[in-house]
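Descriptive analysis of the structure
Here is how the chains run, residue by residue.
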Amino acid sequence: MWSIVIPVKRPEFAKTRLTDAVGELRPYVARAFATDTVAAALICRSVAEVVVVTDDDEIRAEVELLGADVVTDAPGSGLNPALRHGAETVRARRPRAAVASLSADLPALRPGELERVLTEAAKHRSSFLADAGGIGTTLYACAGDVPFEPRFGGRSRAAHRASGAVELDVGDVPSVRRDIDTAVDLCDAMRIGLGPRTESVILQLDSVI
């Protein structure tokens, strides 16, 4: 069973490249992305717990109601330190926990597809899944006896590969690869099928393109 760590920025700083598409709804869109991601991860059969790393009080309240644990973003110095902090929190309780980090902007995430990815990840000491664009990463996973050293940001696919992590070759898991940075990404997630919270916010828009 996996412990999933999901980092969530304060919404006023998140998804700035979507501003032209969603305007003043951007903070609500960012929160909806994260909440739908957490909700889907929680009902994946291979997931024992979800730990959200955030300083946003509204996200904290929403995901705690869903059943996730929340830890404060510390030391507050960026994405990878936040993920390491989340993993350290998990392993303080369960020292040999298998830990995977998951992007918070997967609003079309399907638990069954995540299950397939985690099943493949369990075959390796450390592994990652490339995003739909083939440059970034949406998931990084480590076995319980492996130091948790994520390398998200920028060209993270190459960075994770260079670290020795195995790139997972799992077909037909578009919802696990479809992170959202642009209006085009959002349209593609709509094609896959948005989670209910994101769909509710998007319905308030006349257009996302």
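Just so it is clear, the structure is predicted and the values come from calculations on it, not from any experiment.

Definitions and cut-offs
Residues numbered from 1 in each chain as written. Predicted model: local features only at pLDDT ≥ 70, side-chain atom pairs only at ≥ 80, totals over all residues. Heavy atoms only, no water. Pairing = 2+ DSSP bridges. Helix = DSSP H or I, 4+ residues; strand = E, 2+ residues; numbered from the N terminus. Salt bridge = Lys/Arg side-chain N within 4 Å of Asp/Glu carboxyl O. Buried < 20%, exposed > 50% of the residue type's maximum accessible area, 1.4 Å probe, protein only. UniProt positions renumbered as here; feature names shortened; annotations may be inferred. Polar contact = N/O pair within 3.5 Å; in protein donor to acceptor, adjacent residues only side chain to side chain. Disulfide = S-S within 2.5 Å. Contact = heavy atoms within 4.5 Å.

Next up on the list: the sheet that holds strand β7 (residues 166-167). Taken in spatial order, the seven strands of this open sheet run β3-β2-β1-β4-β6-β5-β7, and their pairing is mixed. Looking at which strands have only one partner, the edges of the open sheet turn out to be β3 (69-71) and β7. Looking at chain direction, strand β1 (residues 2-8) and strand β2 (residues 47-54) are connected through seven bridges and run parallel. Counted as the bridge partner of Ile4 is Val50 from β2.

Under the criterion given, the structure shown has 15 salt bridges. Note that Arg93 is salt-bridged to Glu49, the shortest N-O span being 2.8 Å. Remark: Glu49 occurs in strand β2 and Arg93 occurs in helix α4 (residues 79-93); sequence separation between them is 44 residues. Assessed through its relative accessible area of 44%, Arg93 is described here as partly exposed. For Glu49, a relative accessible area of 12% gives the class buried. Overlapping salt bridges bring together Arg178, Asp179, Asp185, Asp188 and Arg191 as one network.

Backbone geometry at Asp172 places phi at a positive 55 degrees, although glycine is not the residue there. Looking at the secondary structure, you find Asp172 in the loop between β7 and α7 (174-177). With relative accessibility at 60%, the residue Asp172 sits in the exposed group.

The next thing to look at is the UniProt feature "binding site: phosphoenolpyruvate" (unreviewed entry) in the chain. The sites that carry the UniProt feature "binding site: phosphoenolpyruvate" (unreviewed entry) are, in the present numbering, Thr137, Gly153 and Ser156. In terms of the greatest pairwise C-alpha distance, the residues named above, spread along 20 residues, form a tight cluster of at most 8.3 Å across. Among the secondary structure elements, Thr137 is positioned in strand β6 (residues 137-142). In this structure Thr137 comes out as buried when scored by relative accessible area, which is 5%. A polar contact of 2.8 Å, which involves the side chain of Thr137, links it to the side chain of Ser156.

Considering all chains together, one arrives at zero disulfides under this definition. Free of any disulfide, Cys142 has its nearest neighbouring cysteine sulfur in Cys44, separated by 17 Å. Of the residues examined, Cys142 reaches a relative accessible area of 0% and is grouped as buried.

The next subject is the side chain of Asp105. Considering the arrangement of structural elements, one finds Asp105 in the loop between β4 (98-102) and α5 (111-121). Looking at Asp105, its side chain comes within polar contact range of the main-chain nitrogen of Ile180, at 3.2 Å.

Let's shift gears to the side chain of Ser127. Looking at the secondary structure, you find Ser127 in strand β5 (residues 126-130). Looking at Ser127, the relative accessible area reads 0%, which means it is buried. When sequence neighbours within four positions are dropped, the list of residues in contact with Ser127 reads Ala121, Leu139, Tyr140, Ala141, Ala165, Val166 and Leu168.

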